[in-house]
Amino acid sequence: MTDHPGPQDPPDAASTGATAHGSDAADARAFRELLRGLRVWDVELPSFDPATAPDEPLPLFRQWLREAAEAGVPEPHTMTLATADASGDPSVRTLMLHDADERGWHFASHRGSRKGRELAVRPRAALGFYWAGVGRQVRVRGSVAAAGPEESAADLHRRSTGALAAGLVGRQSEVLGSAEELARASEAAWERARREPEAPVPSWTLYVLRAEEVEFFQGDAQRRHIRLNYRYEDGRWVQELLWP
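Described below are features of the structure shown in this document. (Residues numbered from 1 in each chain as written. Predicted model: local features only at pLDDT ≥ 70, side-chain atom pairs only at ≥ 80, totals over all residues. Heavy atoms only, no water.)

**Describing the overall build of the protein**
Next, step 1: Summing up its helical and strand segments, the protein has six helices and nine strands in all.
Next, step 2: Against the 2.2 N^0.38 benchmark of 18 Å for 244 residues, the protein shows a C-alpha radius of gyration of 25 Å, more extended than a compact globule.
Next, step 3: Projected onto the principal axes, the alpha-carbon positions of the protein cover approximately 95 × 55 × 40 Å.
Next, step 4: Looking at the protein as a whole, 33% of its 244 residues are labelled buried. (Helix = DSSP H or I, 4+ residues; strand = E, 2+ residues; numbered from the N terminus. Rg over C-alpha atoms; globule rule 2.2 N^0.38 Å. Buried < 20%, exposed > 50% of the residue type's maximum accessible area, 1.4 Å probe, protein only.)

Written out as structure tokens, the structure is:
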């Protein structure tokens, strides 16, 4: 007569914990191996001679962004924006550059968003551009000023219907109750944006970062990176090379 097995005893907490810990350790090792195996600049990188750089950073920035676009770098006009709140706690996000001219680097958001609130109490920021396909990055730091309502509205209405629809949805950085709530608000905003291409979004604000420091970084496969830094002092730009 064959014995039928009875119910198995549940695994004790110690063995379960050991198994989970072993799995966590294996995941951590696999993640580290993944990071170490990723290739960096596995392409031929362009050269950069800082002796040929212009006296001011804006022409070089425009040139580098154009060359990144021509090299096929996706969305070369995206950038990271770092701000800080009243207590100095930083936050960072990715958004689009709207322009770069003699006034500074332009971007936009709602005044009530986190970045808008932080810029209201600490009107300083830093920008970061990274173009992996050409091994280049640009860092920009300085003071930020909000443009007036007319210029802010013109900035929004120069953009796409989707950008206007997103602006009409508003409530950026507020807590969202559900994905369905967003879907309903977005659908209504798209309908209005198509119907009223000049629909006002009073909270939409154009910001301009007036640069005080701009650093250009050209990567090198042998890690002899070139870092050219511009500092604005006494009414003029000063250039300096930095150790990588």
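Next, the rest of the story.
**Re helix 3 (residues 114-121)**
The periodicity of an α-helix, 3.6 residues per turn, causes residues three or four places apart in sequence to face the same way.
Next, step 1: Those residues of helix 3 that sit buried are Lys115, Gly116, Glu118 and Leu119. With its buried residues spanning 165 degrees around the axis, helix 3 presents them on a single face. Of the residues in helix 3, the exposed ones pointing more than 90 degrees away from the buried face are Ala120 and Val121.
Next, step 2: Where helix 3 is buried, its residues touch strand 1 (78-84), strand 2 (90-96), strand 4 (104-110), strand 5 (124-131), strand 6 (136-146) and strand 7 (204-218). (Arc of directions from axis to C-beta. Contact = heavy atoms within 4.5 Å.)

**As for the packing of aromatic side chains**
Next, step 1: Per the stated rule, a full pass over the model turns up eleven aromatic pairs.
Next, step 2: Geometrically, the ring pair formed by Trp41 and Phe217 is tilted, given 6.3 Å between the ring centres and 40 degrees between the ring planes. Placement of Trp41 in the loop between helix 1 (13-37) and helix 2 (57-70) and of Phe217 in strand 7 is noted, with a sequence separation of 176 residues between them. For the pair formed by Trp41 and Phe217, the shared burial category is buried.
Next, step 3: Centroid distance Tyr230 to Trp237: 6.3 Å. Interplanar angle 85 degrees. Geometry classified as edge-to-face. Judged on exposure class, the residue Tyr230 and its partner Trp237 are both buried. (Phe/Tyr/Trp six-rings, centres within 6.5 Å; stacked < 30°, edge-to-face > 60°.)

**A word on the pairing of strand 6**
Next, step 1: The sheet contact formed by strand 5 and strand 6 spans eight bridges and is antiparallel. Bridge assignment links Trp131 to a residue of strand 6, and that residue is Arg136.
Next, step 2: Here strand 5 folds back onto strand 6, and the loop between the two strands holds four residues, one of which, Gly135, carries a positive phi near 65 degrees.
Next, step 3: When strand 6 meets strand 7, the two strands line up antiparallel, connected through eleven bridges. Bridge pairing in strand 7 places Gln137 opposite Phe217. (Pairing = 2+ DSSP bridges.)

**What about the nonpolar core?**
Next, step 1: One finds Phe61, Trp105, Phe129 and Trp131 to be the most contacted residues of the largest nonpolar core, which totals 33 residues.
Next, step 2: When residues of this core are traced back to their parent elements, those giving at least two are helix 2, strand 1, strand 4, strand 5, strand 6, strand 7 and strand 8 (226-233).
Next, step 3: Once residues lying within four places of it in the same chain are set aside, the contact partners of Trp131 are Phe61, Trp64, Leu65, Ala68, Val73, Pro76, Arg136 and Val138.
Next, step 4: If you look at the next biggest cluster of nonpolar residues, it comprises twelve residues, including Ala108, Ala199, Val201 and Leu206. (Core = buried A, V, L, I, M, F, W, Y, C linked by side-chain atoms within 4.5 Å.)

**So, the pattern of salt bridges**
Next, step 1: This structure, assessed with the given rule, holds 13 salt bridges.
Next, step 2: The salt bridge partner of Arg136 is Glu67, with a shortest N-O separation of 2.7 Å. You can see Arg136 sitting in strand 6 and its partner Glu67 sitting in helix 2, a full 69 residues away along the chain.
Next, step 3: Among the charged side chains, a network of salt bridges with common partners joins Arg139, Glu215 and Arg227. (Salt bridge = Lys/Arg side-chain N within 4 Å of Asp/Glu carboxyl O.)

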